[in-house]
There are 2 protein chains.
Amino acid sequence: MHRVRVRIVEDALDANNTIARANRDDFDRAGVTVANLMGAPGAGKTTLLERVLGHHGLEGVRTGVLEGDVQGSLDADRLAHLHIPVVQLNTDGGFGGECHLDANMVRSALPALPLDELDLLIIENVGNLVCPAEFRVGEDARIMVSSVAEGEDKPLKYPLMFRACELVIVNKIDLLGHVDFDMDHFLHHLDAVHPGVEHMLVSARTGEGVDELRAWFAALPERAHAGAAV
Amino acid sequence: MHRVRVRIVEDALDANNTIARANRDDFDRAGVTVANLMGAPGAGKTTLLERVLGHHGLEGVRTGVLEGDVQGSLDADRLAHLHIPVVQLNTDGGFGGECHLDANMVRSALPALPLDELDLLIIENVGNLVCPAEFRVGEDARIMVSSVAEGEDKPLKYPLMFRACELVIVNKIDLLGHVDFDMDHFLHHLDAVHPGVEHMLVSARTGEGVDELRAWFAALPERAHAGAAV
């Protein structure tokens, strides 16, 4: 008898989405809203988190952080003084180190997180403007940080990342005047790749705009429950 | 009869290395020295190339550029005024866009390059501090650009990249004093992950250090032929 065997080769992204949904179910059961924070290396993601979560943090919103890095625990160490749950996730189990977090890596970190004691979990992704945008991890909202030092052309060069996010934080505005960066050009490019996306101008160094960003994060759980965030 | 079938599953990096060697053979036959220029998005790779290759370029060294980007031809367009061979290579054929160049992508661009008319080919990789370091493309030397705006901790967070390079260019030194960056700390971290690696302090914006960098590139073919570069 002639027998034909059909083997379904699952797309890596399909598998990722399946696990992302499982993560999402766990987050929903625990009542945790999840933000995926992305950006290039050195855009200022960790410094922004220090600023936003420092002092009195997000008033009334119990927050935890999952720090994704290729290796080391530098970023988690920097957040240790905040006295909130911080878990470091390293991606160097892959060959040479994975350049992004995927749903399965986040899933492997869930047992280390006190989900039942959190309202908001912020996942700081690996510094990279390409692959993190391709892998959902079960988050409610995706936020990216773009520093003015990186140049005004970045939305055109990395459109998937800018398109994937609900909020674009333009950081290091204290450097305007010291770098060749025209904010109008940047916002024009941003609008071209992601029309109408919310953006915020901040400086993690001087604190300018940080109150507004803190309010955005503090309101995220309520917005997510109302179905406003994706 | 019981039959066992053994299937060799080739490592993706093995396949890459095989193609990288084939590229290298082609480069050698044409007498072209190849530099792989890497760095984070916005580190200033293209601006540095404009500076180094502008004016009279590398005196006596016929130079071409292969521009790697996820999509678009912004960087190649910026180099068009240099009147040297510039080929744009886009990686968005992959799902969502590949975050690095690999040997096969570079190989696909070779027919578009006038190798026989070049002494030096500079390949500008996709902006990323992780994966480009994992994929040889047939180059003689690897150079990375790290901007002081990215922070002094980058060698510790992305050690593979800093370890992979023969030259580390510390760019945007005109911003020292406007950013929290201690050069001694950075160089200490750099030495920890790649002891003794050559480094150069430059500003693509003001031109400081660019003459030294131009001389480095101009001398690369001779160094490569003498077997000094890897």
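Worth saying up front: this structure is predicted, and the values here are computed from it rather than measured.

About the criteria used
Chains are numbered independently. Their residues run from 1 in the order of the written sequence. Here every chain gets a letter starting at A, and every ligand a number starting at 1, in the order they are written. Per-residue local features are limited, in this predicted model, to residues with pLDDT of at least 70; the limit for side-chain atom pairs, both in listing and counting, is 80 or more; totals at the level of whole chains, interfaces and linings are taken over all residues. Water and hydrogen atoms were dropped before computing side-chain values, which therefore reflect all heavy atoms in the structure. Each helix corresponds to a stretch of at least 4 residues labelled H or I by DSSP, and each strand to a stretch of at least 2 residues labelled E; elements are numbered beginning at the N terminus. Radius of gyration: over C-alpha atoms. The globule rule applied is 2.2 Å multiplied by the number of residues raised to the 0.38 power. Note on exposure labels: buried denotes an accessible area under 20% of the residue type's maximum, exposed denotes more than 50%, and partly exposed covers the range between, all computed with a 1.4 Å probe on protein chains only. By the convention used here, residues are in contact when the closest approach between their heavy atoms is within 4.5 Å. Method for areas: the Shrake-Rupley scheme with a 1.4 Å probe, in which residue coverage is limited to the protein chains shown. A residue counts as positive if it is Lys or Arg and as negative if it is Asp or Glu; His and the chain ends are not included. To locate a charge, the coordinates of NZ of Lys, CZ of Arg, CG of Asp or CD of Glu are taken. Accessible area, probed at 1.4 Å, shrinks when two parts are joined; the buried area is that loss added up over both. The salt bridge definition used is simple: a Lys or Arg side-chain nitrogen within 4 Å of an Asp or Glu carboxyl oxygen. Polar contacts, as used here, are pairs of N or O atoms within 3.5 Å; protein pairs need one atom able to donate a hydrogen and one able to accept it. Residues neighboring in sequence count only if both atoms are side-chain atoms. As used here, the term nonpolar core means buried Ala, Val, Leu, Ile, Met, Phe, Trp, Tyr and Cys residues forming a set that is joined through side-chain atoms within 4.5 Å. Two strands form a pair only when DSSP identifies at least two bridges running between them. Inter-axis angles, ranging from 0 to 180 degrees, are taken between N-to-C directions of lines fitted to C-alpha atoms, where helices are fitted over the stretch in contact. Stacked, edge-to-face and tilted are the three classes for Phe, Tyr and Trp ring pairs, Trp counted by its six-membered ring, which pair at centre distances within 6.5 Å; planes under 30 degrees apart are stacked, over 60 edge-to-face, the rest tilted.

**Brief notes about the overall build of chain A**
What chain A contains, in helices and strands, is eight helices and seven strands. Whereas a compact globule of 230 residues would reach a radius of gyration of roughly 17 Å, chain A reaches 18 Å, a difference of no more than 12%. Here chain A holds 230 residues, and the buried ones make up 56% of them. For chain A, the share of sequence-separated contacts (at least 6 apart) that also reach a separation of at least 24 residues comes to 75%. Put simply, chain A shows about 9,800 Å² of open surface, and 50% of that area lies on carbon and sulfur atoms. Of note, chain A has its 20 positive side-chain charges centred 7 Å away from the centre of its 36 negative side-chain charges.

**A short note on the interface of chain A and chain B**
At the interface, 40 residues of chain A touch 40 residues of chain B. Between chain A and chain B the total buried area reaches about 3,100 Å² when both faces are included, carbon and sulfur atoms providing 58% of it. Connecting chain A to chain B are six salt bridges. The partner of B:Lys157 in a salt bridge is A:Asp75, and the shortest N-O contact between them spans 2.5 Å. Put simply, chain A and chain B have 13 residue pairs in polar contact (both at pLDDT 80 or more) between them. Broken down by secondary-structure element, the contributors of at least two residues to the side of chain A that touches chain B are helix H3 (74–79), helix H5 (154–157) and helix H6 (159–164) of chain A.

**What to know about the nonpolar core**
Counting residues in each nonpolar core, the largest one holds 92 residues, and the members touching the most others are A:Leu121 and B:Leu121. Excluding residues within four positions of it along the chain, A:Leu121 makes contact with A:Phe27, A:Val32, A:Thr33, A:Val34, A:Ala35, A:Gly64, A:Val65, A:Leu66 and A:Leu113.

**Thoughts on the sheet that holds strand S1 (residues 33–39) of chain A**
Residue and element names in this part refer to chain A. Taken in spatial order, the seven strands of this open sheet run S3-S2-S4-S1-S5-S6-S7, and their pairing is parallel. Pairing within the sheet leaves two strands with one partner each, and these edge strands are strand S3 (86–90) and strand S7 (198–201). The sheet shows a mean angle of 20° between the axes of neighbouring strands, direction not considered. In terms of strand pairing, strand S5 (residues 141–147) meets strand S6 (residues 167–171) through five bridges, oriented parallel.

**Thoughts on the pairing of S1(A)**
All names here are of chain A. Burial of S1 is extensive: seven of the seven residues sit out of reach of the surface. The alternating pattern of S1 places Thr33, Ala35, Leu37 and Gly39 on one face and Val34, Asn36 and Met38 on the opposite face, and all of these are buried. When S1 meets strand S4 (residues 120–124), the two strands line up parallel, connected through five bridges. Each residue of the ladder has a partner; that of Leu37, found in S4, is Glu124. Here S1 runs beside S5; their pairing, made up of five bridges, is parallel. Directly across from Gly39, in S5, lies its bridge partner Val145.

**A word on the packing of aromatic side chains**
Residue and element names in this part refer to chain A. Across all of its chains, the model carries six aromatic pairs over all chains by this definition. Their ring planes at 70° and their centres at 6.2 Å tell us that Phe162 and Phe186 sit as a pair that is edge-to-face. With Phe162 in helix H6 and Phe186 in helix H7 (residues 183–193), this pair connects stretches of sequence that are 24 residues apart. The pair formed by Phe162 and Phe186 is uniform in burial state, with each residue classed as buried.

**Things to note about the pattern of salt bridges**
Residues and elements named next belong to chain B. The full count for this structure, using the stated rule, is 28 salt bridges over all chains. The salt bridge partner of Asp26 is Arg107, with a shortest N-O separation of 3.3 Å. Of this pair, Asp26 sits in helix H1 (residues 12–30) while Arg107 sits in helix H4 (residues 103–109), and the two are 81 residues apart along the sequence. For Arg107, a relative accessible area of 29% translates into the label partly exposed.

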